[in-house]
There are 2 protein chains.
Amino acid sequence: MLSIVGIGPGGYDDMTVRAINAIKNADVVTGYRLYVDLVSDLIKGKEVFCTEMRGEVERCKKAAEFALAGHNVALICSGDAGVYGMAGLMLKILEDHPEVETEVIPGVSACQSGGAILGAPLSHDFSVISLSDLLTPWALIEQRLEAAAAADFVIVLYNPASHKRKDYLSRACGIILKHKSSDTICGLVKNIGRDGQMQQITTLSELKDTPVDMLTTVFIGNSQTTVINGKMVTPRGYKL
Amino acid sequence: MLSIVGIGPGGYDDMTVRAINAIKNADVVTGYRLYVDLVSDLIKGKEVFCTEMRGEVERCKKAAEFALAGHNVALICSGDAGVYGMAGLMLKILEDHPEVETEVIPGVSACQSGGAILGAPLSHDFSVISLSDLLTPWALIEQRLEAAAAADFVIVLYNPASHKRKDYLSRACGIILKHKSSDTICGLVKNIGRDGQMQQITTLSELKDTPVDMLTTVFIGNSQTTVINGKMVTPRGYKL
């Protein structure tokens, strides 16, 4: 069995029982080193194969090798294994090996764990967009930002910056500002569920000039999103 | 403490440790009867207040009353408490009572649990849209469908039908077909994680004529989404 396991933001408490059991039952654990370290208490005595950033293909190929050799393998992903996680790549790499039994174990993704910290930003229709243009043309990212903003979606931005992409959030906000008001309620959460967690509620115009890093998740409200007792809340439309 | 708890699709294994503990630590549990029944093993001996469908406001007001009276309350939501869940409404109802301590506990939402069953449909940018027009004007839903389709998002549809809205999925597909190819890979999952679970992978043109109910979650791929060994997979763009 090859389990592609979403562990959520990182802490034991935010893992599902299924994810915990899949890791416990595995004899081989693979993943990005930072995420494997988050579950170190669960993997004592197991064979561990880690790769660094951008080692995704190597990591999944190694997981396939172990599974083909008959091991129970847990491939660890942060957040949800299916949301920008390794599930798609892993299933692709196993395309010629349908005999390998696989399961995708979902977990709490950053849009949810971050949203819960901010309040309830995702109570209505939302779009999730990664600002990383490593694997996606920037023109397509721009098109999606513009479409989601014009249709008044709540927008969640993953990977809003990196060392080489310092101004991407500012560029994204510029596009979104063509359609959303400058006082649209926005939120950001950094290091969700980990040491150094911090959150901030702000406006779209201020967000444009806010420095962020790759461990930050950004939330841009819809036209109805508001602040209630310091929480970011998107109403569903219930009559009180 | 008032905990707004996402329990995921329903089974114990798909709950997070935090959600399980919040329910165990509560002395009062409230929720929609179907969802409270899913956690019946955890709530023996506790005070329980259930409402039926459309009882959302009553349920949250009651939860507030219990919390104001000093109880530890768990308000149960299926999926994620923040994704079309009760978190937003609950925080709104407590607007004049900032003294009530609240926490939102995220859980696995249907887009994730259903996605994991189908394979990895959400490995790239996606939009989540509810087709219910009980609380949202249909014109806005149409605008969002059109925007998400035109920008080649993967689209997840919640509440695709009800007794009174039998043709809404067909209407939504008609709008999406203006921008996405008729052979776009689509998937649907019914009764996720519960008795009677069933899944199906199909195309957009066939989806248009597929009957669904309110317990079905619908996935519409992007232009790159494909089928690998019977699984619905949206590639992220890695070079192999």
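This text follows the structure it describes.
Treat the numbers as computed from the prediction; the structure is a model and nothing was measured.

## Some points on helix α6 (residues 138-150) of chain B
So, point 1. The end-to-end C-alpha distance of α6 of chain B is 18 Å, a good match for the 18 Å that 13 residues give at a rise of 1.5 Å each.
So, point 2. Every buried residue of α6 of chain B is listed here: Trp138, Ile141, Arg144, Leu145, Ala147, Ala148 and Ala149 of chain B.
So, point 3. Of the surrounding secondary structure, the elements contacted by the buried residues of α6 of chain B are α6 (138-150) of chain A together with β7 (126-130), β8 (154-158) and α7 (168-176) of chain B.
So, point 4. One or two residues past the end of α6 of chain B sits Asp152 of chain B, with phi positive at roughly 60°.

## Here we look at the pattern of salt bridges
So, point 1. Enumeration according to the criterion identifies 20 salt bridges over all chains in this entry.
So, point 2. Note that Lys62 of chain A and Glu65 of chain A form a salt bridge whose closest N and O atoms lie 3.8 Å from each other. Taken together, the residues Lys62 of chain A and Glu65 of chain A, both in helix α3 (residues 56-68) and three residues apart, mark about one turn of the helix.
So, point 3. The exposure class of Glu65 of chain A is partly exposed, given its relative accessible area of 48%.
So, point 4. The shortest N-O distance in the salt bridge between Asp152 of chain A and Arg144 of chain B comes to 3.9 Å. Taken together, the residues Asp152 of chain A in the loop between α6 and β8 (154-158) and Arg144 of chain B in helix α6 connect one chain to another.

## A word on the sheet that holds strand β3 (residues 47-51) of chain B
The strands making up a sheet associate through hydrogen bonds between their backbones, and the pairing can be parallel or antiparallel.
All names here are of chain B.
So, point 1. Taken together, the five strands give an open sheet; going across it, the order is β3-β2-β4-β1-β5, and neighbouring strands pair in parallel fashion. Strand pairing shows two members of the sheet lacking a second neighbour, β3 and β5 (102-105), which therefore form its edges. Recorded for the sheet is a direction-independent mean angle of 15° between the axes of neighbouring strands.
So, point 2. Sheet topology places strand β2 (residues 28-32) next to strand β4 (residues 73-77); four bridges connect them, and they run parallel. Bridge pairing links Val29 to Ala74 in β4.

## Examining the relation of the copies chain B and chain A
So, point 1. With an RMSD of 0.0 Å, the operation that places chain B on chain A is a rotation of 180° combined with a shift of 0.0 Å along the axis. As the rotation angle and translation indicate, the two copies are arranged about a two-fold axis.

## A closer look at the environment of Thr225 of chain A
All names here are of chain A.
So, point 1. Mapped onto the elements of the fold, Thr225 is located in the loop between β11 (216-220) and β12 (226-228).
So, point 2. Take Thr225: its relative accessible area is 8%, and that puts it in the buried class.
So, point 3. Expressed as a C-alpha distance, the spacing of Thr225 and Ile201, which sit 24 residues apart in the sequence, is 12 Å.
So, point 4. Non-local contacts of Thr225, meaning those with residues more than four positions away in its chain, are made with Val154, Ile185, Met232, Val233, Thr234 and Pro235.
So, point 5. A distance of 2.8 Å separates the side chain of Thr225 from the backbone nitrogen of Asn222, its partner in a polar contact.

## Observations concerning α7 of chain B
All names here are of chain B.
So, point 1. Among the residues of α7, those classed as buried are Tyr168, Leu169, Ala172, Cys173, Ile175 and Ile176. Considered in projection along α7, the buried side chains sweep an arc of 160° and stay on one side of the axis.
So, point 2. In this structure, the buried side of α7 is in contact with α6, β8, α8 (204-207) and β11 (216-220).

## A few points about the nonpolar core
So, point 1. Leu157 of chain A together with Leu157 of chain B are the most contacted members of the largest nonpolar core, which has 52 residues in total.
So, point 2. Not counting chain neighbours up to four residues away, the residues in contact with Leu157 of chain A comprise Ile129, Leu131, Leu145, Leu169, Ala172, Thr216, Thr217, Val218 and Ile220 of chain A.
So, point 3. In terms of nonpolar packing, the next biggest core, distinct from the first, is built from 34 residues, Val83, Ala110 and Phe219 of chain A together with Ile192 of chain B among them.

## Overview of the packing of aromatic side chains
Residue and element names in this part refer to chain B.
So, point 1. A complete count under the given rule lists six aromatic pairs over all chains for this structure.
So, point 2. Consider the rings of Tyr32 and Tyr35, whose centres lie 4.9 Å apart with planes at 85°: the pair is edge-to-face.
So, point 3. On the basis of relative accessibility, which here comes to 16%, the residue Tyr32 falls in the buried class.
So, point 4. An angle of 55° between the planes, with centres 4.8 Å apart, marks the rings of Trp138 and Tyr168 as tilted. A residue pair is termed long-range when its members are at least 10 positions apart, and Trp138 in helix α6 and Tyr168 in helix α7 qualify at 30 residues.

## Description of the sheet that holds strand β7 (residues 126-130) of chain A
So, point 1. With respect to topology, ten strands assemble into an open sheet ordered β10(A)-β9(A)-β11(A)-β8(A)-β7(A)-β7(B)-β8(B)-β11(B)-β9(B)-β10(B), the strand pairing being mixed. The open sheet terminates on both sides in strands that have one partner only, identified here as β10 (198-203) of chain A together with β10 (198-203) of chain B. The average undirected angle you get between the axes of adjacent strands in this sheet is 15°.
So, point 2. Helix-sheet contacts for helix α5 (residues 110-118) of chain B involve β8, β9 (185-190), β10 and β11 of chain B, and the interaxial angle to β11 of chain B is about 70°.

Parameters and conventions
- Residues numbered from 1 in each chain as written.
- Chains lettered and ligands numbered in written order.
- Predicted model: local features only at pLDDT ≥ 70, side-chain atom pairs only at ≥ 80, totals over all residues.
- Heavy atoms only, no water.
- Helix = DSSP H or I, 4+ residues; strand = E, 2+ residues; numbered from the N terminus.
- Expected span 1.5 Å × (residues − 1).
- Buried < 20%, exposed > 50% of the residue type's maximum accessible area, 1.4 Å probe, protein only.
- Contact = heavy atoms within 4.5 Å.
- Salt bridge = Lys/Arg side-chain N within 4 Å of Asp/Glu carboxyl O.
- Pairing = 2+ DSSP bridges.
- Axes fitted to C-alpha atoms, helices over the stretch in contact; angles between N-to-C directions.
- Least-squares fit on C-alpha atoms with pLDDT ≥ 70 in both.
- Polar contact = N/O pair within 3.5 Å; in protein donor to acceptor, adjacent residues only side chain to side chain.
- Arc of directions from axis to C-beta.
- Core = buried A, V, L, I, M, F, W, Y, C linked by side-chain atoms within 4.5 Å.
- Phe/Tyr/Trp six-rings, centres within 6.5 Å; stacked < 30°, edge-to-face > 60°.

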